[in-house]
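One-letter residues, chain by chain:
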Amino acid sequence: RARWAAAASIDAVWTAPLERCRLTAAPAIGLAKCPVHIDDRLIELDFGPLEGKTKSEAHAAYASAMDAYLRDPVANHFPGGESPEAAADRALSCLHDITANYPTQHVLVVGHSTLTRLALCRALGIELRHYRKHFPVLLNCAVTQLRLRNGEAGLVTLNLPISCLEFSGKDAIL
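Residues numbered from 1 in each chain as written. Predicted model: local features only at pLDDT ≥ 70, side-chain atom pairs only at ≥ 80, totals over all residues. Heavy atoms only, no water.

## Focus: the environment of L118
Here's step 1: The topology assignment puts L118 in helix 6 (residues 113-124).
Here's step 2: With 35 residues separating them in the primary sequence, L118 and S83 have C-alpha atoms 11 Å apart.
Here's step 3: Among all residues touching L118, those that are not within four sequence positions of it are L45, P84, A87, A88, L128 and Y131. (Helix = DSSP H or I, 4+ residues; strand = E, 2+ residues; numbered from the N terminus. Contact = heavy atoms within 4.5 Å.)

As structure tokens, this is what we get:
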């Protein structure tokens, strides 16, 4: 992972505060020797009572609520959990701040799967309720490149293992 970051000329790293994100970012930070920003806006969506449960455990405990959530996670998010709309807005706010601070540089953003999928939907104009349909899986430590310029977003790469990636252009990396 770190060799890729050095080749990609990473100018800054933004990461969620959770230890697993900071540990994931650490090799890239070590090689790139760049500024590091820890940002709470990159914390994963709060699933409320579903936190820490597998899908089958959640379904056993909250069958009808899970069915509704799986049909439309925006209209039927769990009470006590975070609204996917609010999570997408905070993630996109972070990405806009990153591009404001590093408008032409490479920025590595280390975060979480559901939040990343919601942010991609919001940035690309895809209905949030379809985040699992359009982005069914994001692999751990895979690279998604998103170009944010002049308020518009373009998806450059999605879910690529680092070993398959050739870095292209000055883009934000999720």
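The discussion continues.
## Details of the pattern of salt bridges
Here's step 1: A complete count under the given rule lists 5 salt bridges for this structure.
Here's step 2: The closest approach of N and O atoms between R41 and D39, which form a salt bridge, is 2.7 Å.
Here's step 3: Salt-bridge contacts for R129 lead to E127; the nearest nitrogen and oxygen are separated by 2.9 Å.
Here's step 4: One salt-bridge network, in which partners are shared between bridges, spans D39, R41 and D97. (Salt bridge = Lys/Arg side-chain N within 4 Å of Asp/Glu carboxyl O.)

## Focus on the packing of aromatic side chains
Here's step 1: For the structure shown, the criterion picks out 2 aromatic pairs.
Here's step 2: Taking the centre distance of 5.6 Å and the plane angle of 75° together, the rings of Y62 and F78 count as edge-to-face. Of this pair, Y62 sits in the loop between helix 3 (55-61) and helix 4 (63-71) while F78 sits in the loop between helix 4 and helix 5 (84-101), and the two are 16 residues apart along the sequence.
Here's step 3: With relative accessibility at 6%, the residue F78 sits in the buried group.
Here's step 4: Taken together, the ring pairs connect Y62, Y69 and F78 into an aromatic cluster.
Here's step 5: Stacked on the ring of Y69, the Lys or Arg R132 has its end atom at 5.2 Å from the ring centre. (Phe/Tyr/Trp six-rings, centres within 6.5 Å; stacked < 30°, edge-to-face > 60°. Buried < 20%, exposed > 50% of the residue type's maximum accessible area, 1.4 Å probe, protein only. Lys NZ or Arg CZ within 6 Å of the ring centre and 35° of its normal.)

## Focus: the pairing of strand 4 (residues 143-149)
Here's step 1: Across the 7 residues of strand 4, 5 count as buried, placing the element largely inside the fold.
Here's step 2: Here strand 4 folds back onto strand 5 (residues 152-160), and the loop between the two strands holds 2 residues, one of which, N150, carries a positive phi near 50°. (Pairing = 2+ DSSP bridges.)

## Looking at helix 6
Here's step 1: Between its first and last C-alpha atoms helix 6 spans 16 Å; for 12 residues at 1.5 Å apiece the expected length is 16 Å, and the two agree.
Here's step 2: Burial analysis of helix 6 places 9 of its 12 residues in the buried class, which makes it a mostly covered element.
Here's step 3: Two residues or fewer past helix 6, G125 is found with a positive phi of approximately 75°. (Expected span 1.5 Å × (residues − 1).)

## Notes on the pairing of strand 5
Here's step 1: Pairing geometry for strand 4 and strand 5, over 6 bridges, is antiparallel. Its bridge partner lying in strand 5, R149 is registered against E152.

## So, the layout of surface pockets
Here's step 1: Looking at the second largest pocket, its volume works out to about 410 Å³.
Here's step 2: Considering the residues around the second largest pocket, the lining is formed by 17 residues, among which F47, L50, K53, Y69 and T114 are closest to the centre.
Here's step 3: Contributing elements (two or more residues each) for the lining of the second largest pocket: helix 3, helix 4, helix 6 and helix 7 (131-134).
Here's step 4: Here the residues of the lining of the second largest pocket sort into 8 nonpolar, 3 polar and 6 charged. (1 Å grid on protein atoms, 1.4 Å probe; cavity = no way out; pocket = protein on both sides within 12 Å on 5 of 7 lines; lining within 4 Å. Points joined across faces, edges and corners; volume = space filled by probe spheres on them. Nonpolar A, V, L, I, M, F, W, Y, C, P; charged D, E, K, R; others polar.)

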